[in-house]
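A look at the structure
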Amino acid sequence: MKPLNWWLRSVAGEDLARDILGDVEERGGGLARLFAIAADITARRVIELVAATFNGPHRFGRGVSEFRHAVRSLRRAPWYSAAVVLVIAVTGALATAGFAIVDGVLFKRLPIPNPESLYATTGPGGAALSLADLDAWRREAPEVRIALYGRDFVLGAIGAPPKPVTALTVESSFFDVLGEHPAAGGWRLEDFQPASRTRVIISDRLWRRVFGGRPDVIGRTLEIAGAADHLRRPMGTFEIAGVLPADFVFPVNRSTPDVLLPMAVPAAKFSDRNSSAGRVLIRGGNVPASLPQRLTAAFGGAAPTSIQSDTGKFELALVPITRYLMLWQRDTLTSAFAACAVLMLLAIINVAALSTLRAQQQAHELGIRRALGATKMDLLRLALFDEAPLVIAGSILSLAATPWVIAAAVERLSERIVLIKTPSVDWRVMLFWLGLAALIAVIAAVVRTLAVSPKSVAAGVRGARTSTRRAAFGNAAVAVQVALAFTITIGGTLIAGSLWKLWQEPVGYSLAHVSLVELSHQSAETAARRALMLTLLDRVRELPGVDEVGLVNNGEFLTGASRSMFFEPPADNKGARQPGVWPVDAAFFRVLGIEAVEGRTFTDSESSGEQPVIVISESVAAAFFPKGGAVGGVMKKFSTPLRVVGVVRDAQVGGLGYKIPGGQVYLPDTAKTDQRATLLVRGRATIDDLLRAVASEKVGVMRAMPLADALARPNRDPLFRVWLFSAFTIAALSIVGVGVFGIVAMSVGRRTGELGIRAALGATREALVALFVREQLIAVAIGLAIGGGLAAWAVKFIKTYLFKTPPTDPRLWAIAALLLLIVAGTAALIPSLGASRVDPLRALRED
Amino acid sequence: MGKDLSPLGEFEQMVLLAVLQAANHADGAYGITVFDELARRSKRLVSRGAVYMTLDRLEKKGLLKSSVTEPLAERGGRSRRCYELTKPARAALRESQRALMNLWAGVEL
């Protein structure tokens, strides 16, 4: 109700809107009546506005009558009007929303001073440096300022249900180099002492979420459940040192961290070249092109592997921060851009084609105008006036829909995309929207004016028919539209088909009725953690509806990260890839329904990890036991021999579609309870029940959700692409459908006489329908052939997004073609069915 | 806003007359009663949006004046805006009636 009230108030004014709302409340009729009144008033206001614009100065006086004439004449061509309005509304909404998002990502200036003089470093291994390397750089290039930042990580969680808090460690010079400072508070030098590191600067978002935006936040404490640093060392309570500005963007990360931690480094670390401390931002006015070489040389021939390629070459690059941001976003946005451009082209062709057909229908009127001395410019003006009401109506509808499309897109947007500004309908977006509407109107009017040749005008004056030429034009327009739409539809079906395949991939275990609870222990002592974990496991097991609880002694069950352990490769396969290692208990296999393909899984007595046994997945068995006989065989973890008791299928533990290349090794190692742990619960207990069961002061809940939801999370990127391309595909299909419908409906209208004659000569209803549908289907077939060629070239742009799906997958191509055939066929059938009911006598008399 | 001295349109005249007719209702002449009178007596398909906008415009032209009632429960706590004709409106209507009657004089269809 609220958007409707807002709409009514906007068009009718506060007082009148109140009267109308009161009347509707009193008389009844509800939302439908309110909507009808609001739409009616909107249309009248628009007409008033346009009329007032043209009615003022004398030279516009003629415009008013032409506009009114156009409105009256369009009312007599409802199919044409509806088709054009719909096409403009759909395209306008998608394209304007697309522009608003792209504008918020690419075209906004970074909210930091002089972004042009800020650089990030890249190298084959991410260009991470040790503190000793950093020191060498600072000595080599004193003309630039360098700030170090660590990797971002999940610090802990806040709230119920828990929401992860992300953190980033930064050096004391971070804000000076970035040129952006906290909006309130800040760090002191002593905050960077190794013993301290608990005074944090929080994001504006976290400040609002946790402290409700209260101004006296500096010095307050911040409790983060399960807080641990990036080395998994538990951290206590934090103190707020400052709050970042609302528009703060950390320009090199996927998203702005919730918390900035001071990088407190022990003095000993400064000489350690083997431990990487993080990456750097470099600020310098005129950075010479030779700086990367000088910095590489500063390592003295022992450059870190993070700037070393596989061939041993050092590749360090300084990338301006404005360009660095684009590296993350280029692929998705380029494909979205291309699809958007094709859609706009499709809409312009569609409107131009419909408009031209309409002009050909009006050839008689135009002929008379030409005969009375109207120039081509006059006809162009007339065409513009004829388009104007439809373009205005379509554009207003599209603008009304744009905020909804933006909200839906932002919700699904990949986390990789850094929104410098929240997309909204601001003046730049309005300008784009106006430009798009004007572009459609002008191109349609120009095409239409050019298409009405003197010959056809002369024919119009004589009242002669140019049916063949008109039909050929209509068919060509359908073919071009189908060709463009086919290109988008192929993209849509390939991407959707690819995701379908991803979902159909066996993950190697069962997800049904399994929930995941990630815990972070606050205690630094292993024994205390173990005792608490056993208590929590018992509490969860006792919950009604819980069948089984498995434990992964590692908080990163789903990220694919595993304990780093080295297994000695066998003599006959020295190149065997290292597997990922998961410390689990016996129940883990039962909860996930993982059964041994060979041998067995762990017994409950083996869970504690005292027995030197392991379970391996099939790809580990193939790599480490190439001659077979894995069960009973021995794998050496560093030098400790471990006996393989069973082989299970490979599992996608890192999210759908993500396979650990080396396979999995499961280790019964739950006795040394890790600081982070994952409970996998099979049963019908709700997430709330689970949260209550694990509630403890000594443990923080990082995540609690159905396992299937957690697995889908890493698929945000492919899901966004599916959403994006589905929206474009649906829009393209709608435009083609509307286009074919409009063309056939207009063709039916002008061929009433012909239909009458055919009916009078004994043509059946089916024959009349077939006449129109056949004509359109031939055009559609030609369009599919041309579009096929275009799509074969265009699919290379989306090839990298496809999972186990060749870009030439014949089934998906067939689905795309079938979709277009169905849409175009149905669109041609509806007006044809209406026309086939023609009464020969009436039709001939009307003609 | 300055008074608009442009002549009355056909629909404006009909709305003014409907306001006069609706004024006889117990509830006075407000949106619903004006619309009902107009629809019933003109036997035309009348758009509600057009009626509301015309009432608003006529008030701005100074041809109608309005007063609001106490808030009413059946209107969700909102008041009714009741309209009545101003002197210039009555004069304009009489003028229009006289012009039409002169034109009709002696005409047979």
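Residues numbered from 1 in each chain as written. Chains lettered and ligands numbered in written order. Predicted model: local features only at pLDDT ≥ 70, side-chain atom pairs only at ≥ 80, totals over all residues. Heavy atoms only, no water.

1. Considerations on the overall build of chain A
Rules: A run of DSSP states H or I qualifies as a helix once it reaches four residues; a run of E qualifies as a strand once it reaches two. Both are numbered from the N-terminal end. Every residue pair with non-hydrogen atoms within 4.5 Å of one another is taken to be in contact. Methods summary: accessible areas were calculated by the Shrake-Rupley approach with a probe of 1.4 Å, and residue burial reflects only the protein chains presented.
For chain A, the helix and strand inventory stands at 25 helices and 22 strands. The long-range fraction of contacts in chain A, counting pairs at least 24 apart against all pairs at least 6 apart in sequence, stands at 81%. Roughly 37800 Å² of accessible area belongs to chain A as shown, and the carbon and sulfur atoms make up 60% of that amount.

2. Topic: a nonpolar patch on the surface
Residue and element names in this part refer to chain B. Formally: Patch membership requires over 30% relative accessible area and the absence of a salt bridge. Like charges are linked within 9 Å, and nonpolar side chains (Val, Leu, Ile, Met, Phe, Trp, Tyr) within 5 Å. Here a salt bridge means any side-chain nitrogen of Lys or Arg lying within 4 Å of a carboxyl oxygen belonging to Asp or Glu. The rule is simple: take the accessible area with a 1.4 Å probe, protein chains only, and divide by the maximum for that residue type; under 20% is buried, over 50% is exposed, in between is partly exposed.
Judged by side-chain polarity, Leu100, Leu103, Trp104, Val107 and Leu109 come together as a nonpolar surface patch covering roughly 630 Å² of accessible area. Mapped onto the elements, Leu100 comes out in helix 4 (residues 87-104). A residue is classified by how much of its surface remains accessible, and Leu100, at 43% relative accessible area, is partly exposed.

3. Some remarks on the interface of chain A and chain B
As a reminder, the rule being used: Buried area: the accessible surface (1.4 Å probe) lost by two parts on joining, summed over both. The definition of a polar contact used here is a pair of N or O atoms within 3.5 Å, where within protein one atom must be able to donate a hydrogen and the other to accept one, and adjacent residues in sequence count solely through side-chain atom pairs.
At the junction of the two partners, chain A supplies 18 residues and chain B supplies 19 residues. A combined buried area of about 1800 Å² lies between chain A and chain B, and 52% of that area is made up of carbon and sulfur atoms. Among the residues of chain A in contact with chain B, A:Asp23, A:Glu26 and A:Arg27 are the three that bury the most area, contributing 31% of the side total. There are six salt bridges connecting chain A and chain B. For A:Arg27, the salt bridge is made with B:Asp36, and the minimal N-O distance between the two is 2.6 Å. Put simply, chain A and chain B have 11 residue pairs in polar contact (both at pLDDT 80 or more) between them. Secondary structure elements with two or more residues in the side of chain A that touches chain B: helix 2 (14-27) and helix 3 (30-55) of chain A. Looking at the side of chain A that touches chain B element by element, the count peaks at 11 residues for helix 2 of chain A.

4. Points about the sheet that holds strand 22 (residues 699-706) of chain A
Residues and elements named next belong to chain A. To keep it simple, the criterion reads: One requirement defines pairing of two strands: DSSP has to find at least two bridges between them. To obtain an axis, a line is fitted to C-alpha atoms, over the contacting stretch when the element is a helix, and the angle between two such axes runs from 0 to 180 degrees between their N-to-C directions.
Sheet architecture is open: four strands sit in the order 14-21-13-22, paired in antiparallel fashion. Each edge of the sheet is formed by a strand with only one pairing partner; in this case those strands are strand 14 (546-552) and strand 22. Neighbour-to-neighbour, the strand axes of this sheet turn through a mean angle of 20°, independent of strand direction. Summarising the sheet, strand 13 (residues 514-521) and strand 21 (residues 676-683) pair through seven bridges and their orientation is antiparallel. Its bridge partner lying in strand 21, Ser520 is registered against Arg676. Those strands touched by helix 16 (residues 526-541) are strand 13, strand 14, strand 21 and strand 22, and its axis lies near 160° from that of strand 14. Packing against the sheet, helix 19 (residues 687-694) makes contact with strand 13, strand 21 and strand 22, and its axis sits at approximately 165° to strand 22.

5. A short note on the packing of helix 2 of chain A against helix 2 (residues 31-42) of chain B
Heads up, the rule is: In what follows, roughly perpendicular refers to angles from 65 to 115 degrees, roughly parallel to angles under 35, roughly antiparallel to angles over 145, and oblique to any angle outside these ranges. Classification used: nonpolar for Ala, Val, Leu, Ile, Met, Phe, Trp, Tyr, Cys and Pro, charged for Asp, Glu, Lys and Arg, polar for all others including Gly.
Where helix 2 of chain A contacts helix 2 of chain B, the two axes come as close as 9 Å, and the packing angle between them is 70°. The angle between helix 2 of chain A and helix 2 of chain B places the two elements in the roughly perpendicular class. Contacts between helix 2 of chain A and helix 2 of chain B involve A:Asp23, A:Glu26 and A:Arg27 on the former and, on the latter, B:Gly31, B:Ile32 and B:Asp36. For the contact of helix 2 of chain A with helix 2 of chain B, the class distribution of residues is one nonpolar, one polar and four charged.

6. Here's the deal with the side chain of A:Ser203
All names here are of chain A. Checked against the element boundaries, Ser203 lands in the loop between strand 7 (199-202) and helix 8 (204-211). For Ser203, a relative accessible area of 4% gives the class buried. For Ser203, the side chain forms a polar contact with the main-chain nitrogen of Leu206, separated by 3.1 Å. Ignoring sequence-local partners within four residues, the contact set of Ser203 consists of Val243, Leu244, Pro257 and Asp258.

7. Topic: the confidence of the model for chain B
Residue and element names in this part refer to chain B. Definition in use: Confidence per residue, as judged by the predictor, is encoded in pLDDT with a range of 0 to 100.
Mean pLDDT over chain B: 87, with 94% of residues reaching 70 or higher. For chain B, helix 4 is the element with the lowest average pLDDT, namely 90, and strand 2 (residues 81-85) is the one with the highest, namely 94. In the predicted structure, residues 1-5 sits below a pLDDT of 50 and forms five contacts with residues beyond four places in sequence or in another chain.

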